Amino acid sequence: MSIPRSVYRKRIRRAQELMRENEVDAMLILSLENYRYFTGDVRKQPRMLIPSENEPTPIVFESEREEVERRTGLQAKTYRSLPEMLSAVISFLNSLEKDTPVVAVEMEFSTPAFLIERFRMANPHVEVVDAKQIVSPLRKIKDRYEIELMKKAGKLADIAMERAADLLKPGISERDVALEVEYYVRKKGAERLSFPMFVNSGERSLWLHGMATDKIIEKGDVVLIDIGPVYQGYCADITRTFVVGSAGSEQKRAHEAYLRMQERVIERIEEKKNEITVLELERENSEFMKAMGYNGLYVRGFVHGIGLGFEETPFPTIFPEDLRETISKGMTLSVGHSVLSIKGAGGFRIEDTIHVGDRVAHLTNFDRKLLEVG
Amino acid sequence: MAEAEMEFTVPVSADEVKSRIRDMGFVGRCFKFVGDVSRDGRIWRVKAPMSAITQTKELETRVLSQDPIEWEAEGKHLLWRGVFEVEESEEGTKIKVRLSVEGLGSMAPIINPMAGMQIEGQLRYFAKKLREELSRT
């Protein structure tokens, strides 16, 4: 799908308005997510400067200039060496006619700390602030183009989970499941997975985070599979819980409780969008889990934003201040991020990607029941 | 060698300015890359990441001339030089600051291209801090 250039220009203009409101003189883009959001172009290690007035300047390797300018409609500065690249950034900053220019820099997963530290060293006269205040208000509300791309990512997530369900049987390793699923979903159109797939089996289903190891999946294992395919930069996130063999009553009860919690959250979002905060949802979840007898076994952090980033604003497990975010129309969310971890029974999650429109639309739809396989 | 210069005026007397900027401890504390100075101001301890990048943890300072005030701060792979020209003006005291920096020894080819780009920012911070500190006296 082609997004008109006017959409990118509008995003840049809105960012510049926010920069001026926040007294930020310029923003340095270092992440692919934001570079893509503002230009539609895809570069390995992108660099772009957006001043609070005037046109942004991508900074690219000399041989890429023609393509970048054609794809973005922006005039690029070029480099052939690291000093030339730094020089392009520094000369721009020195051109800002202020004693202490304020520059917003992304301080996220995708921005290595060493880059920020060296940026500060090289530009001691610059006040560095977090670009979240500029970027998050824009990116957390998706436009129709973004929703279309996320729908496609959601379909790929369903396809990937279907493939995982086919593969799960006693004797296969977690790593082989992950390998096969990733190959399959990329052949079907995913550009990549946004995070290494979780295939957490047996005791490892209790874990908060996951991966896929050489562990062989055995009869009786609970297996928690979490997949995040990316379509044209946009992520979907899906998690399902499987039992290899027949599920026990405690496993069925725990899974049912989690499913009910997810359904309740989605209902609440539908009823109270533009009013309810992430914190209120979390409180209700805690009360619900307590009433179900799972107090202390459920990990907080049920909801997070998703889009170009597989976890983005609101993202309360990393940025507690995001608990105060109101769930608003236009957001795309992952619901079911955290695990209900019960020793002896297993770990349980059902995670889906949703779009908060007039109604809540599921972008992932794979069967939500506790799946018995093998 | 990378050089940059800047001129500004502070609302204090030339004698006061001179007495402050002859103190290498005071000068060192106006640089962002200096983490700490020795009690007598002779040694400037370089902050990370600059200390790691230049492989220079300390700079030893000396005043080379009193009028204009010229100084240098030299470490294993880094040499900073500064000149302060001080002149009475209607608004107080006009100060012209000239800074230069160069890499030394085996690190010179690595440090010098970077120093050329960064000296203006270093000077802008230094001049701002110097102006603030002197105006406070």
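What counts, and where the lines are drawn
- Residues numbered from 1 in each chain as written.
- Chains lettered and ligands numbered in written order.
- Predicted model: local features only at pLDDT ≥ 70, side-chain atom pairs only at ≥ 80, totals over all residues.
- Helix = DSSP H or I, 4+ residues; strand = E, 2+ residues; numbered from the N terminus.
- Rg over C-alpha atoms; globule rule 2.2 N^0.38 Å.
- Buried ≥ 20, exposed ≤ 12 C-beta atoms within 10 Å, placed from the backbone.
- Contact = placed C-beta atoms within 7 Å.
- Domains from an automatic or database assignment.
- Nonpolar A, V, L, I, M, F, W, Y, C, P; charged D, E, K, R; others polar.
- Pairing = 2+ DSSP bridges.
- Axes fitted to C-alpha atoms, helices over the stretch in contact; angles between N-to-C directions.

Draft legend 1. Layout of the overall build of chain A. What chain A contains, in helices and strands, is 10 helices and 19 strands. By the compact-globule yardstick of 21 Å for 374 residues, chain A fits well, its C-alpha radius of gyration being 22 Å. Along the longest, intermediate and shortest principal axes, the C-alpha atoms of chain A span 70 × 40 × 40 Å. Out of the 374 residues belonging to chain A, those deemed buried represent 48%. Nonlocal contacts in chain A, meaning residues at least 24 apart in sequence, comprise 68% of its contacts between residues at least 6 apart.

Draft legend 2. Molecular detail of the domain arrangement of chain A. Residues and elements named next belong to chain A. The domain architecture assigned to chain A consists of domain 1 (5–139) and domain 2 (144–373). Taking only C-alpha atoms into account, the centre of domain 1 sits 33 Å from that of domain 2. Across the boundary between the two partners, domain 1 contributes 6 residues, which contact 7 residues of domain 2. If you list the elements that add at least two residues to the side of domain 1 that touches domain 2, you get helix H2 (32–39) and helix H6 (132–139). Ranked by the residues each element gives to the side of domain 1 that touches domain 2, the list is headed by H2, at 3 residues. Considering only residue class, the side of domain 1 that touches domain 2 consists of 2 nonpolar, 1 polar and 3 charged.

Draft legend 3. How the structure looks around the interface of chain A and chain B. With 14 residues of chain A in contact, the opposing surface of chain B contributes 14 residues. The residue inventory of the side of chain A that touches chain B, partitioned by class, reads 6 nonpolar, 5 polar and 3 charged.

Draft legend 4. Quick peek at the sheet that holds strand S4 (residues 77–79) of chain A. Residue and element names in this part refer to chain A. Taken together, the 6 strands give an open sheet; going across it, the order is S4-S3-S2-S1-S5-S6, and neighbouring strands pair in mixed fashion. Looking at which strands have only one partner, the edges of the open sheet turn out to be S4 and strand S6 (127–130). Strand-to-strand twist in this sheet, taken as the mean axis angle between neighbours without regard to direction, amounts to 25°.

Draft legend 5. Examining the sheet that holds strand S3 (residues 43–46) of chain B more closely. Residue and element names in this part refer to chain B. The 7 strands are arranged S1-S7-S6-S5-S4-S3-S2 in an open sheet whose pairing can be described as antiparallel. Lying at the two open borders of the sheet, with one neighbouring strand each, are strand S1 (2–10) and strand S2 (34–37). If you compare each strand with its neighbour and ignore which way they point, the axes differ by 25° on average. Strand direction decides the pairing type here: strand S6 (residues 78–89) and strand S7 (residues 92–103), joined by 12 bridges, are antiparallel. Note that in S7 the partner of Glu-88 across the bridge is Thr-93. Sheet strands in contact with helix H1 (residues 14–21) are S1, strand S5 (69–74), S6 and S7, and its direction is about 165° off that of S6. Strands S1, S6 and S7 of the sheet are contacted by helix H4 (residues 108–136), whose axis makes an angle of about 160° with S7.

Draft legend 6. Looking closely at the environment of Ile43(B). All names here are of chain B. Tracing the backbone shows Ile-43 in strand S3. For Ile-43, a count of 20 C-beta atoms within 10 Å corresponds to the buried category. Sequence spacing of Ile-43 and Glu-87 is 44 residues, and the spatial spacing of their C-alpha atoms is 28 Å. Residues within four places of Ile-43 in sequence aside, it is in contact with Val-37, Ser-38, Glu-58 and Glu-60.

Draft legend 7. Spotlight on unusual backbone geometry. Cis geometry marks the peptide bond from Thr313(A) to Pro314(A), where omega comes out at 0°. Note that Pro314(A) resides in the loop between strand S13 (303–305) and strand S14 (332–335). Of note, the bond from Asp67(B) into Pro68(B) is cis; its omega dihedral lies within 30 degrees of zero at 0°. Considering the arrangement of structural elements, one finds Pro68(B) in the loop between strand S4 (58–66) and S5. Phi at Gln232(A) is positive, roughly 45°, even though this residue is not glycine. Position of Gln232(A) among the secondary structure elements: in the loop between strand S10 (229–231) and strand S11 (234–235). Classification of Gln232(A) by C-beta neighbours within 10 Å gives buried; the count is 20.

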